[in-house]
Amino acid sequence: MTYVLFNNEVTTREHVKIDMEDRGYNFGDGIYEVIPVYKTKTVAMEEHLQRFEESASKLEIQLPYDRNVMSTLLNELKTKNKITDGIIYVQMTRGVSPRAHLYERNATGLITGFTREMPFPVDQKQTGIQAYVTEDIRWLRCDIKTINLLGNTMVKRMATDNLCQEGIMHRNGTMTEGSSSNLFMVKDGTIYTHPATNLILNGITRQIVIELARTNGYNVVEETFTTQQLQEADEAFITSTTQEVTPIAQIHGNIEAQFAVGPVTKTLQQLYAEYINENRK
Ligand code: PLP
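Predicted, not measured: the structure shown is a model, and the values here were computed from it.

Quick look at the site of the ligand
Near the ligand there are 18 residues, and of these Arg51, Glu177, Ile204, Thr205 and Thr241 occur at the shortest range. In this structure, an oxygen atom belonging to the ligand sits 2.8 Å away from a main-chain N or O atom of Ile204. Contact with the protein chains covers 92% of the free accessible surface of the ligand, which is 390 Å². Listed by contribution, the elements that provide at least two residues to the shell around the ligand are α2 (45-58), β9 (174-178), β10 (181-187) and α6 (204-215). Split by residue class, the shell around the ligand holds 3 nonpolar, 11 polar and 4 charged.

Quick notes on a nonpolar patch on the surface
Together, Ile137, Leu150 and Met154 give the surface a local cluster of nonpolar side chains, amounting to about 320 Å² of exposed area. One can find Met154 in helix α5 (residues 150-161).

Description of the environment of Ser97
Locating Ser97 in the fold gives a position in the loop between β5 (86-93) and β6 (110-117). Take Ser97: its relative accessible area is 24%, and that puts it in the partly exposed class. Measuring from C-alpha to C-alpha, the distance between Ser97 and Leu183 comes to 38 Å, with 86 residues separating the pair along the chain. Beyond its immediate sequence surroundings of up to four residues, Ser97 is in contact with Glu21 and Arg23.

Let's talk about the packing of aromatic side chains
Under the defined criterion, the tally for this structure stands at 5 aromatic pairs. Seen from their ring centres, Tyr32 and Tyr89 are 5.6 Å apart, and the 25° between their planes marks the pair as stacked. With Tyr32 in strand β3 (residues 30-38) and Tyr89 in strand β5, this residue pair connects regions lying 57 residues apart in the sequence. On the basis of relative accessible area, Tyr32 is assigned to the buried category, the value being 13%. Pairing Tyr89 with Phe114 gives two aromatic rings, centres 4.9 Å apart and planes at 15°, and the pair type is stacked.

Some points on the packing of α6 against helix α8 (residues 263-278)
Remark: α6 packs on α8, axes separated minimally by 10 Å, with the N-to-C direction vectors making an angle of 110°. One way to sum up the angle between α6 and α8 is to call them roughly perpendicular. Together, Thr205, Ile208, Val209, Leu212 and Ala213 of α6 and Leu268, Leu271, Tyr272 and Tyr275 of α8 make up the contact between the two elements. Considered class by class, the residues forming the contact of α6 with α8 number 8 nonpolar, 1 polar and no charged.

Considerations on the environment of Tyr65
Its place among the elements puts Tyr65 in the loop between α2 and α3 (67-80). For the pair Tyr65 and Arg171, spaced 106 residues apart in the sequence, the C-alpha separation amounts to 37 Å. The contact partners of Tyr65, leaving out residues within four places of it in the chain, are Asn7, Asn8, Met70, Leu73 and Ile111. Of note is the side chain of Tyr65, whose polar atom sits 3.1 Å from the backbone nitrogen of Asn8.

Brief notes about the side chain of Asn81
Within the secondary structure, Asn81 is located in the loop between α3 and β5. A polar side-chain atom of Asn81 sits 2.6 Å from the main-chain amide nitrogen of Tyr3. If we ignore the near neighbours within four places in the chain, the residues touching Asn81 are Met1, Thr2, Tyr3 and Thr115.

Describing the sheet that holds β3
Strands sit in the order β2-β1-β6-β5-β3-β4 across an open sheet of 6 strands; the sheet is antiparallel. Of all strands in the sheet, those with a lone pairing partner are β2 (9-12) and β4 (41-42), marking the two edges. Here 8 bridges tie β5 to β6, and the two strands are oriented antiparallel to one another. Note that in β6 the partner of Ile87 across the bridge is Arg116. Sitting on the sheet, α3 touches β1 (3-6), β2, β3, β4, β5 and β6, and the angle it makes with β1 is about 160°.

Criteria and thresholds
- Residues numbered from 1 in each chain as written.
- Predicted model: local features only at pLDDT ≥ 70, side-chain atom pairs only at ≥ 80, totals over all residues.
- Heavy atoms only, no water.
- Near = heavy atom within 4 Å.
- Polar contact = N/O pair within 3.5 Å; in protein donor to acceptor, adjacent residues only side chain to side chain.
- Areas by Shrake-Rupley, 256 points an atom, 1.4 Å probe, with all protein chains shown as cover.
- Helix = DSSP H or I, 4+ residues; strand = E, 2+ residues; numbered from the N terminus.
- Nonpolar A, V, L, I, M, F, W, Y, C, P; charged D, E, K, R; others polar.
- Patch = residues over 30% accessible without salt bridge, like charges linked within 9 Å, V, L, I, M, F, W, Y side chains within 5 Å.
- Salt bridge = Lys/Arg side-chain N within 4 Å of Asp/Glu carboxyl O.
- Buried < 20%, exposed > 50% of the residue type's maximum accessible area, 1.4 Å probe, protein only.
- Contact = heavy atoms within 4.5 Å.
- Phe/Tyr/Trp six-rings, centres within 6.5 Å; stacked < 30°, edge-to-face > 60°.
- Axes fitted to C-alpha atoms, helices over the stretch in contact; angles between N-to-C directions.
- Parallel < 35°, antiparallel > 145°, perpendicular 65-115°, else oblique.
- Pairing = 2+ DSSP bridges.

Spelled out as structure tokens, the structure:
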């Protein structure tokens, strides 16, 4: 039997009833997190739940439970579903109200969650992916991990239609991030990535990788870079919870380029794998 999270209950899916006037359904008015599970244990649950709280606060969504209750519920869900390697997905919408743009600040929200067994990428981490470069058409609060992801899903579709595994975006020639990942490039041994502003999601993997890189002596520059600088980079890679540290082998679309799976990317993959091993809880 597979279990899901429905508010504060770990239950079966038949027990979940969601109103057609839930604001998540009408407006995409909600937030989410994806937490990785490695060999039955979670990694960085605290960091993900902290970002969940930050997203809630930015949207004035009232969380009903504190971090301890959330993590207890998510661990119960993971254990009941006997997840070995995969993800825990949790989302919260602002809940039910007659459809109207104006939201109430004290609304009672709706929390749902599920788990998914999912192998982490092996081949792509060795060979690299094809990334499709296109314009960033999203709104200006990409720092909020909202379920309202149409800009991201359209870019993913476009990338796939162009035989690429990820879409990477630029605003007026300044690279921002991937459709579901953060973007890095390496030039002359220095690692560059977009600063954590309103124009990107500050990925948990991004933060871990930056920290690991700095601790291991790399110079990490959190400054913007252009499509042209990306084209002239030595290495490029993306990071995310599900894609870990994945090299980009080729880019297509608005610009074309080829990269080797280089030494900096390989070292960061290794450091990230060690971090995962040492931080399973
Ligand atoms: N940027 C976007 C737009 C994302 O959707 C994601 C993950 O879903 C990321 C970055 C990477 O975030 P994380 O490393 O926390 O998974």
